[in-house]
Amino acid sequence: MASALINVPKKAKRGEIIEIKTLMSHIMETGYRRTATGELVPRDIITSFACRYNGVEIFRADLFPAIAANPFISFFTVATESGKFDFEWIGDKGFTETASAAISVE
């Protein structure tokens, strides 16, 4: 079962550049590996990640089989107003995971 760890500052000053970090627990099976009997292990990866700040998309990434298991994504944004960050991971086999975090901007 997947689970997300997110790190967003609880408080920031208006206009401050903040770092957001996410870590998703996921096996990220490439689809290139073979079993002991020679059969291909089916691909099972996270294919996209998106972050919205008060409903506006501020970051998006497409992921591919070369990404390691448990993908860690870090990016920066400007704290403009108090509100909520919404995170969404989408992947193979119907995988979807969401998380959110609040920030208070002074």
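Residues numbered from 1 in each chain as written. Predicted model: local features only at pLDDT ≥ 70, side-chain atom pairs only at ≥ 80, totals over all residues. Heavy atoms only, no water.

Visitor: What is the right way to read the side chain of Thr-77 from this model?
Guide: Turning to its location among the elements, Thr-77 is positioned in strand S6 (residues 72-78). Judged by relative accessible area, Thr-77 falls into the buried class, the value being 14%. Every residue in contact with Thr-77, bar those within four places of it in the chain, is listed here: Glu-16, Ile-17, Ile-18, Ile-20, Ile-58 and Phe-85. (Helix = DSSP H or I, 4+ residues; strand = E, 2+ residues; numbered from the N terminus. Buried < 20%, exposed > 50% of the residue type's maximum accessible area, 1.4 Å probe, protein only. Contact = heavy atoms within 4.5 Å.)

Visitor: Explain the nonpolar core here, please?
Guide: Considering soluble globular proteins, one finds that nonpolar side chains tend to be buried as a cluster. Membership of the largest hydrophobic core comes to 24 residues, with the highest contact counts inside it found for Phe-85, Phe-87, Trp-89 and Ile-103. Residue assignment for this core shows that the elements contributing at least two residues are strand S3 (17-24), strand S4 (46-53), S6, strand S7 (83-91) and strand S8 (96-105). Those residues within four positions of Phe-85 in sequence are excluded, and the remaining contacts are Val-8, Ile-18, Ile-20, Cys-51, Arg-52, Tyr-53, Ile-58, Thr-77, Ala-99, Ser-100, Ala-101 and Ile-103. (Core = buried A, V, L, I, M, F, W, Y, C linked by side-chain atoms within 4.5 Å.)

Visitor: Looking at this model, I keep getting lost on the sheet that holds strand S2 (residues 11-12). Mind explaining?
Guide: Hydrogen bonding along the main chain pairs the strands of a sheet, whether they run parallel or antiparallel. Read from one edge to the other, the open sheet built from 5 strands follows the order S2-S8-S7-S4-S5, with strand pairing classed as mixed. Pairing within the sheet leaves two strands with one partner each, and these edge strands are S2 and strand S5 (56-62). In this structure, S7 lies alongside S8, joined through 8 bridges in antiparallel fashion. Looking at S8, one finds that Phe-85 is bridged to Ala-101. (Pairing = 2+ DSSP bridges.)

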